[in-house]
Amino acid sequence: MIKLTVTTAKPLTDSEKASLNTKFTVKYGEFTVEYLVDYSLIGGIKIFDGLRVFDGSVSGQLERLKKNVKGK
């Protein structure tokens, strides 16, 4: 069984969690999920599935932009 860790910048509503759970069921089948709040993300969401991190957070986007600008 897959264990997902979902981290957001603010607490999710029950309806937001239900929507994510529906999408996770399609992708992963059986899973457990832990919801965390990390205000340093500024906004967006990070999902860890045990192997990969899917980073859609504002802080992650800013970090990627910073690396791209420094690289040029």
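Residues numbered from 1 in each chain as written. Predicted model: local features only at pLDDT ≥ 70, side-chain atom pairs only at ≥ 80, totals over all residues. Heavy atoms only, no water.

Looking at helix α1 (residues 14-28)
Between the first and last C-alpha of α1 there are 20 Å, a value that for 15 residues agrees with the 21 Å anticipated at 1.5 Å per step. Burial in α1 covers these residues: Leu-20, Phe-24 and Tyr-28. Mapping the buried residues of α1 onto a view down its axis gives an arc of 50°, with all of them on the same face. For α1, the exposed residues set more than 90 degrees away from the buried face come down to Ser-15, Thr-22, Lys-23 and Val-26. Summarising the contacts, the buried residues of α1 are in contact with β1 (2-8), β2 (31-37), β3 (45-48) and β4 (53-55). (Helix = DSSP H or I, 4+ residues; strand = E, 2+ residues; numbered from the N terminus. Expected span 1.5 Å × (residues − 1). Buried < 20%, exposed > 50% of the residue type's maximum accessible area, 1.4 Å probe, protein only. Arc of directions from axis to C-beta. Contact = heavy atoms within 4.5 Å.)

Looking at the pairing of β1
The element β1 is largely enclosed, with a buried count of five among its seven residues. Summarising the sheet, β1 and β2 pair through seven bridges and their orientation is parallel. By the bridge assignment, Leu-4 is partnered in β2 with Val-33. In this fold, the crossover linking β1 to β2 by way of α1 has right-handed handedness. (Pairing = 2+ DSSP bridges. Right-handed = clockwise from strand over helix to strand, strands pointing away.)

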